[in-house]
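As a plain string of letters, each chain reads:
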Amino acid sequence: VVLADLNEAVITKAAEAIRAKYPTSEAIAIKCDVSKESDVESMINTAVDKWGRLDVLFNNAGIMHAKDGGADETEEKIWDLTQAINVKGVWYGCKHGIAAMRKVGYPVIQVVDPKADRRTKRTPVKASELEGPSSTLRPSLRSWVPQPRR
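What counts, and at which threshold
- Every chain begins its residue count from 1, and numbering advances along the sequence as written.
- This being a predicted model, a pLDDT of at least 70 is required before a residue's local features are given, and a value of 80 or more before pairs of side-chain atoms are given or counted; all residues contribute to the totals for chains, interfaces and linings.
- To get the side-chain values, take all heavy atoms of the structure and skip hydrogens and water.
- A helix here means a DSSP run of H or I that spans at least four residues, while a strand means a run of E at least two residues long, and both kinds are numbered starting from the N terminus.
- Relative accessibility thresholds used throughout: buried, under 20% of the residue-type maximum; exposed, over 50%; partly exposed, between the two (1.4 Å probe, protein chains only).
- The contact definition used throughout considers only heavy atoms, calling two residues in contact when any of these lie within 4.5 Å.
- To be clear on the numbers: accessible area is Shrake-Rupley with a 1.4 Å probe, and residue cover counts the displayed protein chains and nothing else.
- Paired strands, in this sense, are two strands between which DSSP finds at least two bridges.
- We call a crossover right-handed when, viewed with the strands running away from us, the connection from the first strand over the helix to the second turns clockwise.
- Expected span, for any helix, means 1.5 Å times one less than how many residues it has.
- In protein, a polar contact means a hydrogen-donor-capable atom and an acceptor-capable atom, both N or O and within 3.5 Å, with residues adjacent in sequence counting only if both atoms are side-chain atoms; elsewhere, any N or O pair within 3.5 Å suffices.
- One axis fitted to the seven residues ending at a residue, another fitted to the seven starting there: the angle between these axes is the bend at that residue.
- Any Lys or Arg side-chain nitrogen located within 4 Å of an Asp or Glu carboxyl oxygen qualifies as a salt bridge.

Asks: Sorry, what's going on with the overall build of the protein here?
Replies: Counting its regular elements, the protein contains 5 helices and 2 strands. Starting at the N terminus, the α and β elements of the protein follow one another as β-α-β-α-α-α-α. Within the protein, the proportion of its 150 residues that are buried is 32%. Here the analysis covers contacts within the protein between residues at least 6 apart in sequence; of these, 66% occur between residues at least 24 apart. About 9700 Å² of surface is accessible on the protein, with carbon and sulfur atoms providing 53% of the total.

Asks: I would appreciate a short explanation of the pairing of strand β2 (residues 28-31) in the present structure.
Replies: Side-chain direction in a regular strand flips from residue to residue, so the side chains alternate between the two faces of the sheet. Examined bridge by bridge, strand β1 (residues 2-5) and β2 share 4 bridges and lie parallel to one another. Each residue of the ladder has a partner; that of Leu-3, found in β2, is Ala-29. Crossover handedness for the path β1 to helix α1 (residues 8-21) to β2: right-handed.

Asks: Would you explain α1 in this entry?
Replies: Side chains that are three or four residues apart share a direction in an α-helix, a result of its 3.6 residues per turn. For α1, with 14 residues, the first-to-last C-alpha span of 20 Å sits near the 20 Å given by 1.5 Å per residue. Between the side-chain oxygen of the N-cap and the backbone nitrogen of Ala-9 there are 3.2 Å, and the N-cap of α1 in question is Asn-7.

Asks: What is the right way to look at helix α3 (residues 76-102) in this model?
Replies: Its 27 residues give α3 an end-to-end C-alpha distance of 37 Å, which sits within 8% of 39 Å, the value for a rise of 1.5 Å per residue. At Lys-88, α3 is bent by approximately 35 degrees, the largest bend along its length.

Asks: Help me out: how do you make sense of the environment of Asp-55 in this one?
Replies: Tracing the sequence through the fold places Asp-55 in the loop between α2 (37-51) and α3. A relative accessible area of 36% places Asp-55 in the partly exposed class. As a C-alpha pair, Asp-55 and Gly-105 span 50 residues in sequence and 9.9 Å in three-dimensional space. Separated by 2.7 Å, the side chains of Asp-55 and Arg-53 make a polar contact.

Asks: Explain the pattern of salt bridges to me, please; I cannot follow it from the model alone.
Replies: Pairing is possible between side chains of opposite charge, provided their charged atoms come close. Inspection of the entire model under this criterion finds 5 salt bridges. A salt bridge links Glu-37 to Lys-95; the nearest nitrogen and oxygen atoms lie 2.7 Å apart. Here Lys-95 lies in helix α3 and Glu-37 lies in helix α2, a separation of 58 residues in the sequence. We classify Lys-95 as partly exposed; its relative accessible area is 38%. Notably, a salt bridge pairs Lys-77 with Glu-75, separated by 3.8 Å at the nearest N-O pair.

Okay, structure coming up:
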C-alpha cells in the first residue's frame, strides 16, 4: 500500500504501524501535496513502479479551513486553498489514477464520504467543494467505466 499525506511524520508513522501489525505487508509513506499535480502524479507512479499496477485509489484528501465562513467573510486565499485541495486534488487523482488503471484494464474506485455535507456547516466554500468533484468528474468517470451490456 502507498500512503500519502502532506504531513510526512504522520504518514511515516502510519506506514510503520501497518508493517508492524502485518509483517508480510509492504507500506510506503510518501509526502504528497494533492494541490500539486506533480506530487499526485509522482505518488501514483510510485505505486505503479513498485507493484506494476494501480488497483485502488482512495482519492479522499480534503480540508475544512478554520477561516472558511460565509461568502461575505471568506478570504479569496482560503477559497483558493480549499478548492486546490478538495476539488483539484480529487481531479488530479482521477486524471492520473484513471490513466494508470487504463493501462491494465481496471475500473476506477472513487471514494467520497456521503455524510460529509450532513456533518459540517454548509458554507459557500464547503458547498462548492462537496459538489465540485461529483458534478465535475462524474461524466468523465462514467465515460471510462465499462457499461453493462443490455
